[in-house]
Amino acid sequence: SSGINAEYGDLQIDTRVAPVVGRLGPSKRKKKKKKSQPQPDVAMTTESMSANRKTGSVYDIWGDDNQKQDQKELDPCLPPPVQPPAIYKTSDTKISAVELPHPGTSYNPTFTDHQDLLQTALEVEEKREKEKAKATRDAAPPIQITEEDYIKEMSIGLNQAESEGGSESESETEANEGEECRKSVTVRKTRVQRNREKAEKLKMEEAAALRENKQYLHQINRIKAIKKEIRKEEKKMETKTSARQEKKAINETRPGKYGPGKFMGSEPDFLLPEEVSSSLRKLVTPANNLQDRFTSLQKRNMLEVRKKVMPHRKYKLKHVEKWRKKLPEEIDELVKMKRKKKKIKLSE
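Residues numbered from 1 in each chain as written. Predicted model: local features only at pLDDT ≥ 70, side-chain atom pairs only at ≥ 80, totals over all residues. Heavy atoms only, no water.

Student: I keep staring at the overall build of the protein and nothing clicks. Help me out?
Tutor: Assigned secondary structure in the protein consists of ten helices and zero strands. Ordered by position from N to C terminus, the α and β elements of the protein give α-α-α-α-α-α-α-α-α-α. Expressed as a percentage of its 348 residues, the buried residues of the protein come to 5%. Long-range pairs, those at least 24 residues apart, make up 66% of the contacts in the protein between residues at least 6 apart in sequence. Carbon together with sulfur atoms contributes 55% to the accessible area of the protein, which is approximately 35,000 Å² in total. (Helix = DSSP H or I, 4+ residues; strand = E, 2+ residues; numbered from the N terminus. Buried < 20%, exposed > 50% of the residue type's maximum accessible area, 1.4 Å probe, protein only. Contact = heavy atoms within 4.5 Å. Areas by Shrake-Rupley, 256 points an atom, 1.4 Å probe, with all protein chains shown as cover.)

Set out below in structure tokens:
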């Protein structure tokens, strides 16, 4: 206290400020360390890894939608997965990527396989020829006009006067018949006639009711036959619906579904019996692997079918003769024509 008074003896106490109670100088108390916050990423990863180890499963980053939560647990900093659009859909065809060729295309095929291949090629060719014949048959034939047809066509208006005379006579007869009908007066029916008509009408209604009753009884007697007919109709409807569903399923996965063109497919590759060789050295390969892959992609609806567009011009070329190609006399004439046109414009 004596040392403190010696150092701060000249200082005076400020009465306006409350006195500070406590020890002067630095305190010897230890600072409390801040508790380290738990790292959620590491904990989550360790928990997920331990769970995978216990279950014996392995996380697949390319897995289904069920593993999205696990992916976030592993690394929450990853961006959310990109959702494909609703229109996007992979190929739904059932055709394999690489189709097995026909056994008849082997370098040493059996007789039956080779004959089957030739038969399929023949059917394709016959179908093409039928389509060509149908196109030529449906085309309009050339019009041939004979002399008789020409005379008939030119003499249509000559018999008009005769037809007019006949029509006048017919109109007169119709007028006479109309006058006769007007002269005839409707006679009123008597009470006896009216009663007779009522009795006949009642008889007709009774006969119709008896007929309906007979038909109803007949239908009751043939209930079994009616049930059989109903079963037959139901079977027909089932077969029709099944055929319609099969056609719809085939249409959904048919080749060449997308694109403006029609998928024609590739023609079957075949060799004639004289060209077939039993050795691989003499084997001829008419197929093209690149074309085969391209048609396979179109067949599996992975490429749209389009027609081959050949190089062409939208507009025709315009040929203009240059001045240096013309003769000097022609150039002088053109210059004079231009000067005249300018004078005419200025005068207007």
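Student: Explanation requested: the pattern of salt bridges in the structure shown.
Tutor: Should the charged atoms of two oppositely charged side chains come close, the side chains can pair. Taken as a whole, this structure holds six salt bridges when the rule is applied. Salt-bridge contacts for Glu304 lead to Arg306; the nearest nitrogen and oxygen are separated by 2.7 Å. Exposure remark for Glu304: the relative accessible area of 40% places this residue in the partly exposed category. Relative accessible area serves as the criterion here: at 54%, Arg306 is assigned to the exposed category. Taken together, the shared-partner salt bridges connect Glu125, Arg128 and Glu267 into one network. (Salt bridge = Lys/Arg side-chain N within 4 Å of Asp/Glu carboxyl O.)

Student: I keep staring at the side chain of Gln298 and nothing clicks. Help me out?
Tutor: Residue placement: Gln298 occurs in helix H9 (residues 289-299). With residues up to four places along the chain from it excluded, the contact list for Gln298 reads Gly256, Phe263, Leu303, Glu304 and Val305.

Student: Looking at this structure, how should I read a negative patch on the surface?
Tutor: A cluster of acidic residues, Glu321, Glu329, Glu330, Asp332 and Glu333, forms a negative patch at the surface. Tracing the sequence through the fold places Glu333 in helix H10 (residues 328-347). (Patch = residues over 30% accessible without salt bridge, like charges linked within 9 Å, V, L, I, M, F, W, Y side chains within 5 Å. Lys, Arg positive; Asp, Glu negative; His and termini not counted. Charge placed at Lys NZ, Arg CZ, Asp CG, Glu CD.)

Student: How do you make sense of H10 when you look at a structure like this?
Tutor: For the α-helix, the turn length of 3.6 residues means that residues three or four positions removed from each other point alike. Taking 1.5 Å as the rise per residue, H10 with 20 residues should run 28 Å; its terminal C-alpha atoms sit 29 Å apart, in good agreement. For H10, the buried fraction is low: zero of the 20 residues fall into the buried class. (Expected span 1.5 Å × (residues − 1).)

Student: Just checking my understanding: could you explain a nonpolar patch on the surface for this structure?
Tutor: There is a patch of nonpolar side chains on the surface, built from Ile143, Ile145, Tyr150, Ile151 and Met154 and spanning about 640 Å² of accessible area. Looking at the secondary structure, you find Ile145 in the loop between helix H4 (111-138) and helix H5 (147-154).

Student: Teacher, can you tell me more about unusual backbone geometry here?
Tutor: Working note: non-glycine residues mostly have negative phi, and peptide bonds are mostly trans. Despite not being glycine, Asn301 has its phi angle at roughly 60 degrees, a positive value. Within the secondary structure layout, Asn301 lies in the loop between H9 and H10.

Student: I tried to follow a positive patch on the surface on my own but got confused; where do I start?
Tutor: Taken together, the side chains of Lys224, Lys227, Lys228, Arg231, Lys232, Lys235, Lys236, Lys240 and Arg244 make up a positively charged region of the molecular surface. Following the sequence through the fold, Lys236 ends up in helix H8 (residues 223-252). Its relative accessible area of 57% is what places Lys236 among the exposed residues.

Student: Is there a simple way to explain the confidence of the model for the protein in this structure?
Tutor: Any residue range with low pLDDT should be treated as having predicted coordinates unsuitable for detailed reading. Summing up the model confidence of the protein, the mean pLDDT is 76 and the portion of residues at 70 or higher is 69%. Scored below 50 in pLDDT, residues 40-45 shows five contacts in the model against residues more than four places distant or in partner chains. (pLDDT = per-residue confidence, 0-100.)

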